[in-house]
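Here are the chains, one letter per residue:
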Amino acid sequence: MKVVLFCGGYGMRMRNGTASDVPKPMAMVGPRPLIWHVMRYYAHFGHTEFILCLGYGAHHIKDFFLNYEETTSNDFVLRGGKAELLSTDIADWTISFVQTGIESPIGERLRRVREHLGGDEMFLANYADVLTDAPLPSMIERFAKSEAGASMMVVPPQSSFHCVEMDEGGLVGSITAVSEMPLWENGGYFVLRQEVFDHIPENGDLVADGCAELAKRGRLLAYPYRGFWKPTDTVKERYALDEAYTRGVRPWALWEKDRVPA
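The numbering scheme is per chain: residues are counted from 1 as the chain's sequence reads. For this predicted model, a pLDDT threshold of at least 70 governs which residues receive local features, and a threshold of 80 or more governs which side-chain atom pairs are given and counted, while totals over whole chains, interfaces and linings are taken from all residues. Excluded from the side-chain calculation are hydrogens and water; included are all heavy atoms of the structure.

Caption draft 1: Geometry of the sheet that holds strand β13 (residues 185-193). Pairing in this open sheet of seven strands is mixed, and the strands run β7-β4-β1-β8-β13-β10-β14 from one edge to the other. Every interior strand has two partners, whereas the edge strands, β7 (94-99) and β14 (220-224), have only one. In this sheet, neighbouring strand axes are inclined to one another by 25° on average, regardless of whether the strands run parallel or antiparallel. Between any two strands, pairing holds if DSSP finds at least two bridges. Secondary structure elements follow DSSP: runs of H or I of four or more residues count as helices, runs of E of two or more count as strands, with numbering from the N terminus. Under this scheme, a helix contributes an axis fitted over its contacting stretch, all axes are lines through C-alpha atoms, and angles between N-to-C directions fall in the 0 to 180 degree range.

Caption draft 2: Representation of the layout of surface pockets within the structure. Using a 1 Å grid laid over the protein atoms alone, points where a 1.4 Å probe fits but cannot get out form a cavity; open sets with protein on both sides within 12 Å along at least 5 of 7 lines form a pocket; any residue with an atom within 4 Å of a point counts as lining. Grid points are joined across faces, edges and corners, and a volume is the space filled by probe spheres set on the points. Reported here for the second largest pocket is a volume of approximately 320 Å³. In terms of lining, the second largest pocket is formed by 14 residues, of which the most central are Gln158, Lys230, Pro231, Glu237 and Ala240. Those elements that provide at least two residues to the lining of the second largest pocket are β15 (229-231) and α6 (235-246). Residue composition of the lining of the second largest pocket, by class: eight nonpolar, three polar and three charged. Residues are grouped as follows: Ala, Val, Leu, Ile, Met, Phe, Trp, Tyr, Cys and Pro are nonpolar; Asp, Glu, Lys and Arg are charged; every other residue, Gly included, is polar.

Caption draft 3: Expanded view of helix α1 (residues 34-44). Partly exposed residues are those whose accessible area sits between 20% and 50% of the maximum for their type, while under 20% is buried and over 50% is exposed, using a 1.4 Å probe and protein chains only. Of all 11 residues in α1, 10 are buried, a share of seventy percent or more. Looking only at α1, the buried set comprises Leu34, Ile35, Trp36, His37, Val38, Met39, Arg40, Tyr41, Tyr42 and Ala43. Looking at the residues trailing α1, positive phi occurs at Gly46, about 90°.

Caption draft 4: Representation of a nonpolar patch on the surface. Note on patches: the residues involved have over 30% relative accessible area and no salt bridge, like charges join within 9 Å, and the nonpolar side chains Val, Leu, Ile, Met, Phe, Trp and Tyr join within 5 Å. Residue burial considers only the protein chains on display, and all accessible areas are found by Shrake-Rupley using a 1.4 Å probe. By salt bridge we mean one thing: a side-chain nitrogen of Lys or Arg within 4 Å of a carboxyl oxygen of Asp or Glu. On the surface, a nonpolar cluster with roughly 410 Å² of combined accessible area is contributed by Val164, Met166, Val172 and Ile175. Among the elements of the structure, β11 (162-166) and β12 (172-177) are those that each provide at least two residues to the nonpolar patch. Position of Val172 relative to the elements: it lies in strand β12.

Caption draft 5: Region of the structure containing the nonpolar core. Core analysis: the biggest nonpolar cluster contains 50 residues, and Leu5, Tyr42, Leu52, Phe65, Met153 and Trp252 have the highest contact counts within it. At eight residues, α1 tops the list of elements feeding residues into this core. By definition in these notes, contact holds between two residues if any of their heavy atoms fall within 4.5 Å. Setting aside anything within four residues of it in sequence, one finds Leu5 in contact with Ile35, Val38, Met39, Tyr42, Phe50, Ile51, Leu52, Cys53, Asn126 and Ala128. Residues grouped as a nonpolar core are buried Ala, Val, Leu, Ile, Met, Phe, Trp, Tyr and Cys residues, joined through side-chain atoms within 4.5 Å. In terms of nonpolar packing, the next biggest core, distinct from the first, is built from 21 residues, Val4, Ile51, Val113 and Phe190 among them.

What follows is the structure, encoded as structure tokens:
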């Protein structure tokens, strides 16, 4: 299945106070940017046709792949001054780089790459800034067996705040962590049918327009997941993932679990 990645936003919450035109999916986690980790996740399950919805800072993403260094994340033998790779990351990937506008909402970005989906009824989509170890084949199979027009992975709220229940006099009756409440939030991993395009207007949004309309029609499927799921909306969250990578704690790197030690 083709994978559409939305990677053209400003990523303002990722800024650390310095001027930069680097888009959020290019923030580094270990020696590779976020978008690479997301793409490796999909490639691990055999989905290697990518459509990148570019916008802000597009040249950073283009330059990364045009000048891709396989030796950064693969073992190799240096023979006669030339590197002989023992494995490869992206040799079997097909990547379409599509400029979808600087200010375009997610739904509009999706509309602008529709022609690149060809006649595929189903396809995958992602914000390119969230890492997970979710079982993608199960997600796809569950959706394929349904008649829904779209499926979104949903996760428990990630906030560390607490909700307070109180009476009219201000007396608190209970305090509950947001993460323990019976709520779910959009996890950013979508499986879609082309039907979703029928519900996204020009300059519309994938979730607020497309998914919301499908929900009204009883055609939106949720895939609840309580396993590893980490966003990178802030500098703090990105640093936490980078630090975990350095310590070797990489639950999202499912491709590493298949490697046989020498």
